[in-house]
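# Descriptive structure summary
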Amino acid sequence: MKKIGVFTSGGDAPGMNACIRAVVRTARFHEVEVCGILRGYAGMLQGDFIPMDSSSVSNIIQRGGTILKSARCEAFKTKAGRAKAAEELKSEGVEGIVAIGGDGTFTGAKFLAQEHGFSIVGAPGTIDNDLYGTDYTIGYDTAVNTVVEAVDKIRDTADAHDRLFFVEVMGRDAGFIALRSGIGVGAEAILVPETETYIDQLIDKLQRGWERQKSSSIIIVAEGDDAGGAYAVAEKVKAKFDYYDTRVTVLGHLQRGGSPSAADRVLASQMGSEAVKALLAGRKNEMVGIINRKVTFTPFEQAIKHHQKINQELLNLAEVLSL
Ligand code: ADP
């Protein structure tokens, strides 16, 4: 393999730059050329390519976002769109590709590989940690740390005023960020899409806290919780229990940004490097992952079809520690 392409796609995540850096440096180590594809599938379709060498990835390991930019591209969902992208890649001489992104990105990669014969290896980059085939995804640890830092600050003001705060964190379909950060901040309750939320039970718990003269309470709500987002849950609680002065904070996009944590930098470096080595070894159409500290490969088909299951032990732990 003489030339590989690399791109980032879908939702951006801190650590994507560290992954790009590892892809470029590992490829150059093996004397393989690297083509940077800008703006995900949107740039691929337009032949928006840049040559990359070791110096193009200097001083980026600590930067959030992605130097290759990310985008969503509807045209790539059509056969004609993918044919155009394949034509651009072929005329550039790209033989193998490292795709950094989530579910959607790997679905597109699977079709591109099937229809046009490219070898593609994926590196899981998403703050949500919901991908099957890896313990952790690139960006998740940073996002959790960002939430913990923000909620610690909210706790200070909540405590000063005896307030009840509902803090909404990202997670439309998955509660990984909510669960891990919720345990990390000692939340009184953690509401996740994977388990049914009973408002009356939540009120009972708050009531018990009130009776114990708890000065503040923090409820972490994943945006996709079945009872609604933080505003909806706060309304439902307030309708029956209004002892505390109640506030809602939606953390929003700040969870995507920031300098990646050490754990994410190392994870991204390993995954980027392993993805290139896998391509050179003839692997294709798989996602690289790390499970129990071992490098693993999961076919795109499986990675897309299954979802990472939420850790029941951590859910139980959160319950015990917040009683
Ligand atoms: P993520 O990779 O973070 O899950 P998206 O779901 O937005 O992000 O997907 C990123 C891009 O992948 C989309 O904008 C589209 O170009 C491509 N993609 C997603 N789903 C498909 C699909 N079913 N077929 C082809 N391409 C897809």
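Residues numbered from 1 in each chain as written. Predicted model: local features only at pLDDT ≥ 70, side-chain atom pairs only at ≥ 80, totals over all residues. Heavy atoms only, no water.

## Some remarks on the sheet that holds strand β1 (residues 3-8)
The criterion, for reference: Paired strands, as defined in this entry, are two strands with at least two bridges between them according to DSSP. Secondary structure elements are defined from DSSP: runs of H or I of at least 4 residues count as helices, runs of E of at least 2 residues count as strands, and each element is numbered from the N terminus. Lines are fitted to the C-alpha atoms to define the axes, a helix being fitted only along its stretch in contact, and any angle between axes, read from their N-to-C directions, falls within 0 to 180 degrees.
Spatially, seven strands are ordered β3-β2-β1-β4-β5-β10-β11 in an open sheet, and the strand pairing comes out mixed. Each edge of the sheet is formed by a strand with only one pairing partner; in this case those strands are β3 (49-52) and β11 (294-299). Here the average twist between neighbouring strands, direction ignored, is 30 degrees. Across five bridges, β1 lies against strand β4 (residues 96-101) in parallel orientation. Among the inter-strand pairings, Val6 is bridged to a residue of β4, identified as Val98.

## Let's talk about the side chain of Thr126
Defined as follows: Only protein chains enter the accessibility calculation, which uses a 1.4 Å probe. A residue is then buried if its area is under 20% of the maximum for its type, exposed if over 50%, and partly exposed in between. We define a polar contact as two N or O atoms separated by no more than 3.5 Å, with the added condition that, inside protein, one atom must be a possible hydrogen donor and the other a possible acceptor, whereas residues neighbouring each other in sequence contribute only through side-chain atom pairs. Two residues qualify as a contact provided that any one of their heavy atoms is within 4.5 Å of a heavy atom in the partner residue.
Relative to the assigned elements, Thr126 resides in the loop between β5 (119-124) and α5 (140-161). Judged by relative accessible area, which is 11%, Thr126 ranks as buried. A polar contact is formed between the side chain of Thr126 and the backbone nitrogen of Asp128, at a distance of 3.1 Å. Other than its neighbours up to four places away in sequence, Thr126 contacts Ala13, Leu131, Thr137, Ile138 and Tyr140.

## What about the site of the ligand?
Put simply, the test is: Any residue with a non-hydrogen atom lying within 4 Å of a molecule or strand is treated as near it.
As a matter of local geometry, the ligand sits amid 16 residues, with Arg72, Cys73, Gly102, Gly104 and Thr105 nearest to it. Arg72 is positioned with one of its side-chain polar atoms (N or O) 2.4 Å from an oxygen atom of the ligand. Residue Thr105 places a side-chain N or O atom 2.5 Å away from an oxygen atom belonging to the ligand. Examining the composition of the shell around the ligand, we find that six residues originate from one element, helix α4 (residues 103-116), more than from any other.

## Notes on helix α8 (residues 230-240)
Our working definition: Directions pointing from the helix axis toward each C-beta atom define the arc.
Where α8 is concerned, the buried positions are Ala230, Val233, Ala234 and Val237. Here the buried residues of α8 occupy an arc of 100 degrees about the axis, which is enough to place them on one side. The outward face of α8, more than 90 degrees from its buried face, is lined by the exposed residues Tyr231, Glu235 and Ala239. In this structure, the buried residues of α8 make contact with β6 (163-169), β7 (189-191), α7 (199-211), β8 (217-222) and β9 (245-250).

## Some words on a negative patch on the surface
Here is the rule we go by: Patches draw on residues past 30% relative accessible area with no salt bridge. Two like charges within 9 Å are joined, as are two nonpolar side chains (Val, Leu, Ile, Met, Phe, Trp, Tyr) within 5 Å. In this description, accessible areas are obtained by the Shrake-Rupley approach with a 1.4 Å probe, and a residue is regarded as covered only by the protein chains that are shown. The rule for a salt bridge is simple: a side-chain nitrogen of Lys or Arg has to be within 4 Å of a carboxyl oxygen of Asp or Glu. For the charge count, each Lys or Arg is scored as positive and each Asp or Glu as negative, with His and the chain ends excluded. Note that the charge is assigned to NZ on lysines, CZ on arginines, CG on aspartates and CD on glutamates.
On the surface, Asp152, Asp156, Asp159 and Asp162 cluster together into a negatively charged patch. Mapped onto the secondary structure, Asp159 falls in helix α5.

## Describing a nonpolar patch on the surface
The grouping of Leu317, Val320 and Leu321 at the surface amounts to a nonpolar patch, some 290 Å² of accessible area in total. Mapped onto the elements, Val320 comes out in helix α11 (residues 312-321). Judged by its relative accessible area of 56%, Val320 falls in the exposed class.

## Brief notes about the sheet that holds β8
An order of β7-β8-β6-β9 is seen for the four strands of this open sheet, with the pairing classed as parallel. Looking along the sheet, the strands with just one partner apiece sit at the ends: β7 and β9. Across the sheet, the mean angle separating the axes of adjacent strands is 15 degrees when strand polarity is ignored. Across six bridges, the pairing between β6 and β9 is parallel. Bridge pairing links Phe166 to Val248 in β9.

## Brief notes about the domain arrangement of the chain
Accessible area lost upon the coming together of the parts serves often as the stated size of an interface. Applied cut-off: Per the annotation, domain bounds derive from an automatic or database assignment of domains. Computed with a 1.4 Å rolling probe, the buried area is the accessible surface lost when two parts are put together, summed over both parts. Three residue categories are used. Nonpolar comprises Ala, Val, Leu, Ile, Met, Phe, Trp, Tyr, Cys and Pro, charged comprises Asp, Glu, Lys and Arg, and polar comprises the others, including Gly.
Partitioning the chain into structural domains gives domain 1 (3-139 + 260-305) and domain 2 (141-256). A straight line from the C-alpha centre of domain 1 to that of domain 2 covers 34 Å. With both chains or domains summed, domain 1 and domain 2 bury close to 1,000 Å², and 51% of this area falls on carbon and sulfur atoms. Among the residues domain 1 hides against domain 2, the three largest losses belong to Asp12, Ile127 and Asp128. Together they make up 43% of the total. Linking domain 1 with domain 2 are zero salt bridges. Summed over the shared surface of domain 1 and domain 2, the result is seven residue pairs in polar contact (both at pLDDT 80 or more). Residues of the side of domain 1 that touches domain 2, tallied by class, amount to five nonpolar, four polar and four charged.

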